[in-house]
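# Working through the structure, step by step
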Amino acid sequence: MKKFVQKIAFVTATSVLGIGTVAALPVSPITAKAAMETEQVMAQVHDALTTTLPVTLPHKIPVTSGKHLTAKTTVSKNYYKVVFYETSHKVPVNAKKLTTVSKKVVARIQMERYTTKAEALSHVNYLNYSKYGGQKVALTHGITGYQDAGAGQLYTSWNEGRWALATHTYTNQNARGVTLAKDTVHYLETHLLPAPNQYGAIQLDAVGKNHALRLQKGTAVMTIDKVTTAKGLLTIATSVR
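The notes below deal with the structure included here. (Residues numbered from 1 in each chain as written. Predicted model: local features only at pLDDT ≥ 70, side-chain atom pairs only at ≥ 80, totals over all residues. Heavy atoms only, no water.)

It is worth spelling out the pairing of strand E3 (residues 103-113) at this point. Here nine bridges tie strand E2 (residues 79-87) to E3, and the two strands are oriented antiparallel to one another. If you follow Tyr 79 over to E3, its bridge partner there is Glu 112. Bridging between E3 and strand E10 (residues 220-225) involves six bridges; their strand directions are antiparallel. Across the sheet, Met 111 pairs through a bridge with Met 222, a residue of E10. (Pairing = 2+ DSSP bridges. Helix = DSSP H or I, 4+ residues; strand = E, 2+ residues; numbered from the N terminus.)

Next comes the structure, spelled out in structure tokens:
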């Protein structure tokens, strides 16, 4: 099953106790004031993205209580990038002071256009995991996952609609990957992922911070990463519309 492991292409990070578990890692509750600030930031980001690419933004980005959300945008003909930060004081999107103010990256969104839909799909890393086999594992809600291991790495993977999802852990910490997978399945029963055109893929790391989402939008691919928790990535992903 080497092809399976190579396709996932996780870069593992330092193990941190409980870092991947959706249920065990609550994000700071999003207050009405924070939600309003997020909408204001998204409006500024939208105005800054002068592009013919699809502008697809989330409505929720968790930040630490008492902190403020801001962003810096980069735009070219076939690409744009939005890096979201949390700061101690309000800072407008793309403000010059962003280069000197104390800040922490909380998420990054990129959109890149390719020549064809097939080329775009190749950058999504979508797989129909039932075709690759592996050790079956029940993930609740009637969903079956498939496990595969190699070089000390263990992946639990499954499909929901046009989405391919996978968790990563180490072979000696099998339970952490399965728990994260089950928590994710349960979370997605009440929180909807955006509809891809054609496919999407999510990788969640149960033993590190390497979480990522890739969403195909025709000949373009949206990527969300630089989010430190699985729950944080899922909160952002399910608010994308």
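From this point, the narrative continues.
Val 45, Ile 61, Leu 69, Phe 84, Ile 202, Leu 213 and Ile 224 are the most contacted members of the largest nonpolar core, which totals 46 residues. When residues of this core are assigned to their parent elements, the largest contribution, six residues, is made by helix H4 (residues 174-188). The contact partners of Val 45, leaving out residues within four places of it in the chain, are Leu 57, Ala 71, Thr 73, Val 82, Phe 84 and Val 93. Counting 11 residues, the second-largest nonpolar core is a separate cluster that includes Ala 120, Val 124, Leu 127 and Ala 164. (Core = buried A, V, L, I, M, F, W, Y, C linked by side-chain atoms within 4.5 Å. Buried < 20%, exposed > 50% of the residue type's maximum accessible area, 1.4 Å probe, protein only. Contact = heavy atoms within 4.5 Å.)

The subject of this paragraph is the packing of H4 against helix H5 (residues 230-237). At a closest axis distance of 12 Å, the pairing of H4 and H5 adopts a crossing angle of 25°. The orientation of H4 with respect to H5, classified from their angle, is roughly parallel. Helix-helix and strand crossings are classified by hand; for H4 and H5 the assignment is right-handed. Facing Leu 180, Thr 184 and Tyr 187 of H4, the residues of H5 in contact are Ala 230, Lys 231, Leu 234 and Thr 235. Along the lines of polarity and charge, the residues of the contact of H4 with H5 split into four nonpolar, two polar and one charged. (Axes fitted to C-alpha atoms, helices over the stretch in contact; angles between N-to-C directions. Parallel < 35°, antiparallel > 145°, perpendicular 65-115°, else oblique. Left-handed = near helix turned anticlockwise from the far one by under 90°. Nonpolar A, V, L, I, M, F, W, Y, C, P; charged D, E, K, R; others polar.)

Glancing now at unusual backbone geometry. The omega angle of the peptide bond from Asn 197 to Gln 198 is 15°, so this bond is cis rather than trans. Within the secondary structure, Gln 198 sits in the loop between H4 and strand E8 (200-205). Backbone geometry places Ala 151, a non-glycine residue, at a positive phi of 55°. Within the secondary structure layout, Ala 151 lies in the loop between strand E5 (144-150) and strand E6 (153-160).

As a further point, take the side chain of Ser 239. Mapped onto the elements of the fold, Ser 239 is located in the segment after H5. Engagement of the side chain of Ser 239 in a polar contact is seen with the backbone nitrogen of Lys 60, the distance being 3.0 Å. The residues contacting Ser 239, other than those within four sequence positions of it, are Leu 57, Pro 58, His 59 and Lys 60. (Polar contact = N/O pair within 3.5 Å; in protein donor to acceptor, adjacent residues only side chain to side chain.)

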